[in-house]
Amino acid sequence: MKRVYEIGNDINQISCAVKIGTVGIAYTVVYLARSGGQWSQIKESSTNNGNIRSFLVGKAIDLRDSYLVIRTIIDFSTIGENLWDEQKNNIVARYNLKGGLLGDQSYNHDTDDITSSSNGKIVVITKPIKLI
């Protein structure tokens, strides 16, 4: 489900952080999607937990009417196959944005943000956040 973060139309700096809680191995990538189909990768997790510390996305005036698309891939191959479906339901994903008109704002993933492989071993969470 798409979320909206009001950033304004000024030179205020927008920052983002991602926190993933899972027993699986997680990898997160943050993209900036602009109108016209231009996508740019702006940050990725550096460890196997999918977390990304707070980072600068850019100035509000430059980001207006674009999307942050945050994608996390989780691999459950390190745990028993009988636990895959249960652990998919235990994932915690938090997306924190700062610097906009709403101040500090935290979003969670929604059930329709999750897709998984047919056997449940790989789960992908895609969270779009519109910057207005």
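Quantities reported herein were computed from a predicted structural model and do not represent experimental measurements.

A. How the structure looks around the pairing of strand β8 (residues 103–108). The pairing of strand β7 (residues 92–100) with β8 spans 5 bridges and is antiparallel. Following the sheet pairing, leucine 97 is matched in β8 by glutamine 105. The hairpin formed by β7 and β8 contains 2 residues between the paired strands.

B. Quick peek at the nonpolar core. With 30 residues, the main nonpolar core has Leu68 and Ile129 as its most contacted residues. Setting aside its immediate chain neighbours within four residues, leucine 68 contacts Cys16, Val30, Tyr31, Leu32, Ile42, Val57, Leu97, Lys127, Pro128, Ile129 and Leu131.

C. Representation of the pattern of salt bridges in the model. Inspection of every chain in the model, using the stated rule, returns 3 salt bridges. Note that arginine 3 and aspartate 110 form a salt bridge whose closest N and O atoms lie 2.7 Å from each other. Pair noted here: arginine 3 is in strand β1 (residues 3–5) and aspartate 110 is in the loop between β8 and β9 (114–116), with a separation of 107 residues, a long-range link. Judged by relative accessible area, aspartate 110 falls into the buried class, the value being 16%. Through salt bridges with shared partners, one network takes in Arg3, Asp110, Asp113 and Lys127.

D. Structural detail: the sheet that holds strand β2 (residues 13–21). The 4 strands are arranged β5-β2-β7-β8 in an open sheet whose pairing can be described as antiparallel. At either end of the open sheet lies a strand with only one pairing partner, and these are β5 (52–59) and β8. Each adjacent strand pair in this sheet contributes to an overall mean axis angle of 20 degrees, direction not counted. The sheet contact formed by β2 and β7 spans 7 bridges and is antiparallel. Across the sheet, the residue bridging to isoleucine 20 is alanine 93, located in β7.

E. Broad picture of unusual backbone geometry. Of note in this structure, aspartate 65 is not a glycine but carries a positive phi near 65 degrees. Relative to the helices and strands, aspartate 65 resides in the loop between α1 (60–63) and β6 (66–75). The exposure class of aspartate 65 is partly exposed, given its relative accessible area of 45%.

F. Fine view of the pairing of strand β10 (residues 122–131). Judged from the 3 bridges that link them, β1 and β10 form a sheet pairing that is parallel. Residue pairing across strands places tyrosine 5 opposite leucine 131, the latter belonging to β10. Here 10 bridges tie β6 to β10, and the two strands are oriented antiparallel to one another. Among the inter-strand pairings, isoleucine 74 is bridged to a residue of β10, identified as valine 123. With 3 bridges joining them, β9 and β10 adopt antiparallel strand pairing. Residue serine 116 lies in a different strand from β10, and its bridge partner there is valine 123. The turn joining β9 and β10, which pair antiparallel and follow one another in sequence, is formed by 5 residues; a positive phi near 85 degrees is taken by glycine 120.

The rules behind these values
- Residues numbered from 1 in each chain as written.
- Predicted model: local features only at pLDDT ≥ 70, side-chain atom pairs only at ≥ 80, totals over all residues.
- Heavy atoms only, no water.
- Pairing = 2+ DSSP bridges.
- Helix = DSSP H or I, 4+ residues; strand = E, 2+ residues; numbered from the N terminus.
- Core = buried A, V, L, I, M, F, W, Y, C linked by side-chain atoms within 4.5 Å.
- Buried < 20%, exposed > 50% of the residue type's maximum accessible area, 1.4 Å probe, protein only.
- Contact = heavy atoms within 4.5 Å.
- Salt bridge = Lys/Arg side-chain N within 4 Å of Asp/Glu carboxyl O.
- Axes fitted to C-alpha atoms, helices over the stretch in contact; angles between N-to-C directions.

Distances and angles like these do not, on their own, reveal function.
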